[in-house]
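The primary structure of each chain is shown beneath.
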Amino acid sequence: MTFTRLDKAAMITPGLKGWILDKLRFIPSLAMLRAFEAFGRLGSTRKAAQAIGIDHAVVSRHLHALEGELGTALVERKSGHDWLTPEGRDYHAQISVALTQLADATDNYRRREQGKLIIWCAAGIATSWLVPRLPDFREQYPEIDLDFRPSDRRVDFSTNEADSEIRYLLDSEIPGPNDQLRTTSLSRPDIFPVASPAYRDSIADRFRRVEDILSFPLLHMESTDYWRAWLGARGIAITSEDIPGQRMWNASLMLNAARHGQGIGIGNRFFVREWLDSGELVRLDPADEPQGPLALGGYHLIARETRWSSGALSRFRQWLHKQIALAPID
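Residues numbered from 1 in each chain as written. Predicted model: local features only at pLDDT ≥ 70, side-chain atom pairs only at ≥ 80, totals over all residues. Heavy atoms only, no water.

## A closer look at the overall build of the chain
Applicable threshold: Numbering of helices and strands runs from the N terminus, with a helix taken as a DSSP run of H or I at least four residues long and a strand as a DSSP run of E at least two residues long. For the exposure calls, accessible area comes from a 1.4 Å probe over protein chains only, and a residue counts as buried if that area is under 20% of its type's maximum, exposed if over 50%, partly exposed in between. We call two residues contacting when some pair of their heavy atoms lies within 4.5 Å. Here the Shrake-Rupley method, with its probe set to 1.4 Å, supplies the accessible areas, and only the displayed protein chains count as covering residues.
Within the chain one finds 13 helices and 12 strands. Per-residue burial over the chain gives 42% buried out of 330 residues. Excluding contacts between residues fewer than 6 apart, the proportion of contacts in the chain whose partners are at least 24 apart in sequence is 72%. For the chain, the accessible surface area stands at approximately 17,400 Å², while carbon and sulfur atoms represent 53% of it.

Structure, rendered in structure tokens:
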């Protein structure tokens, strides 16, 4: 007769099988828990949806369903802003630990192979900077099985879907000490408004001071965060809930819209160098208040604390810094 592992445990400890099955009946679905963990960690349904790769409406349904199963409110919903209730914060702290342990246990089996390394990278920097240099890494470290994925979606480190990612982060987005993540800065490029030459000429007599820029259509990526940070750093406090302007959902679309005269985009020298050099985009400065360089964040290598010192990732990190010393990302 053969037994499953659960049957064997039940033979050793009478009643164990029934106890485990009874407990499992009351555990919410993993989909609900993942959505709640991501929401509590990131602070919004939109960011949670991006992190775990589902629609934000599905995240909302999972949150409501989880509250229904537990019989208590986990999320405070007022005036369009959602945050965790005290009960939600307490539950989140506990399930985050459990999900991390589950992910780590799974990852130990999924990545038994020595030298396996999964790196995600923002598509722009991947295409124009990193991909041409990867043959050098593979030549130096042939024993490392590098799985490289250009992606504009953020890694969900809670599920170990990648060892590390290379991403531009605003200073306000850099992980804190409680996020269980480590980062190393790769570059802090200047960030500035850009537009097509024709569009610049059409507004030249009306763009005299920094605050005048709010009179023109601003082009956004997936959020208004970049413009909000730039305006704040230039001394313009934004008190409204949002900044008007068209959302293009990623940097490439936003800058292409700027190239075609649809408004003012925002970028850094590294990302827009080709279009600046070709003259398809120009840097915008108010006529009466020329602006100096401004760094609002930078490119970072990000990884979980528990994987930061792993052999393969450590070698990749050292190689990456050497490449940046030879050809800076700016």
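## Some words on the sheet that holds strand E7 (residues 191–195)
In plain terms, the rule: At least two DSSP bridges between two strands are required for those strands to pair. Every axis in this analysis is a line fitted to C-alpha atoms, fitted for helices over the stretch in contact. Angles between the N-to-C directions lie between 0 and 180 degrees.
Read across the open sheet, the 3 strands follow the order E10-E7-E11; overall the sheet is antiparallel. The open sheet terminates on both sides in strands that have one partner only, identified here as strand E10 (265–268) and strand E11 (282–283). Bridge count between E7 and E11: 2 bridges; the pairing is antiparallel. The residue of E11 that forms the bridge with alanine 195 is valine 282. With respect to the sheet, helix H10 (residues 225–233) is in contact with E7 and E10, its orientation differing from that of E7 by roughly 115°. Those strands touched by helix H11 (residues 251–259) are E7 and E10, and its axis lies near 120° from that of E10.

## Focus: the packing of H11 against helix H12 (residues 269–278)
Formally: For this classification, under 35 degrees means roughly parallel, over 145 means roughly antiparallel, 65 to 115 means roughly perpendicular, and everything else is oblique. If you view the pair so one helix is near and one far, a crossing is left-handed when the near helix is turned anticlockwise from the far one by less than a right angle, and right-handed when it is turned clockwise.
Contact pair H11 / H12: the axes reach a minimum separation of 12 Å and the direction vectors enclose 30°. Compared by their axis directions, H11 and H12 come out roughly parallel. Crossing geometry of H11 relative to H12 is assigned as right-handed. Contact with H11, carried on its side by Ala251, Ser252, Leu255, Asn256 and Arg259, involves Phe271, Val272 and Trp275 of H12 and no other residues of that element.

## What to know about the packing of aromatic side chains
Rule in force here: Any Phe, Tyr or Trp ring, taking Trp's six-membered ring, that has another such ring centre within 6.5 Å forms a pair; planes under 30 degrees apart are called stacked, those over 60 apart edge-to-face, and the others tilted.
Under the definition given, this model contains 10 aromatic pairs. Both rings, one in phenylalanine 137 and one in tryptophan 319, keep their centres 5.2 Å apart while their planes meet at 65°; by these two values the pair is edge-to-face. One end of the pair, phenylalanine 137, is in helix H8 (residues 134–140); the other, tryptophan 319, is in helix H13 (residues 311–326), and 182 residues separate them in sequence. Each member of the pair, phenylalanine 137 as well as tryptophan 319, carries the same accessibility label: buried.

## Remarks on the nonpolar core
This is how it is decided: Side-chain atoms within 4.5 Å are what join buried Ala, Val, Leu, Ile, Met, Phe, Trp, Tyr and Cys residues into a set we call a nonpolar core.
Counting residues in each nonpolar core, the largest one holds 64 residues, and the members touching the most others are Trp230 and Leu320. At 6 residues, the largest contribution of residues to this core is made by H13. Once residues lying within four places of it in the same chain are set aside, the contact partners of leucine 320 are Trp129, Leu130, Ile166, Leu186 and Leu301. One finds Phe36, Ile52, Leu63 and Leu74 within the second-largest nonpolar core, a separate group that totals 18 residues.

## Points about the pairing of E10
Burial of the side chains of E10 extends over both faces: Gly265 and Gly267 are buried on one face and Ile266 and Asn268 on the other. Across 4 bridges, the pairing between E7 and E10 is antiparallel. By the bridge assignment for E10, phenylalanine 192 is matched with glycine 267.

## Examining helix H5 (residues 56–70)
To keep things clear, this is the line we draw: Multiplying 1.5 Å by the helix residue count minus one yields the expected span of that helix. Read the arc as the range of directions from the helix axis to the C-beta atoms. Polar contact is defined as a pair of N or O atoms within 3.5 Å, subject to the rule that within protein one atom must be able to donate a hydrogen and the other to accept it, and that residues adjacent in sequence are counted only when both atoms are side-chain atoms.
Compared with the 21 Å implied by 1.5 Å per residue over 15 residues, the 21 Å span of H5 between its first and last C-alpha is a close match. Listing the buried residues of H5 in full gives Val59, His62, Leu63, Leu66 and Glu67. For H5, the angular spread of buried residues about the axis comes to 135°, placing them on one side. Residues of H5 that are exposed and point more than 90 degrees away from the buried face comprise Arg61 and Gly68. The opening residue of H5, the one whose side-chain oxygen lies 2.8 Å from the backbone nitrogen of alanine 57, is aspartate 55.

## Considering unusual backbone geometry
As a rule of thumb, non-glycine residues mostly have phi less than zero, and peptide bonds are mostly trans rather than cis. The backbone of glutamine 180 sits at a positive phi, close to 60°, despite the residue not being glycine. Position of glutamine 180 relative to the elements: it lies in the loop between strand E5 (164–170) and strand E6 (181–187). Here glutamine 180 falls in the partly exposed class, since its relative accessible area comes to 49%. In this structure, tryptophan 249 is a non-glycine residue whose phi angle is positive, near 80°. Within the fold, tryptophan 249 resides in the loop between strand E9 (246–247) and H11.

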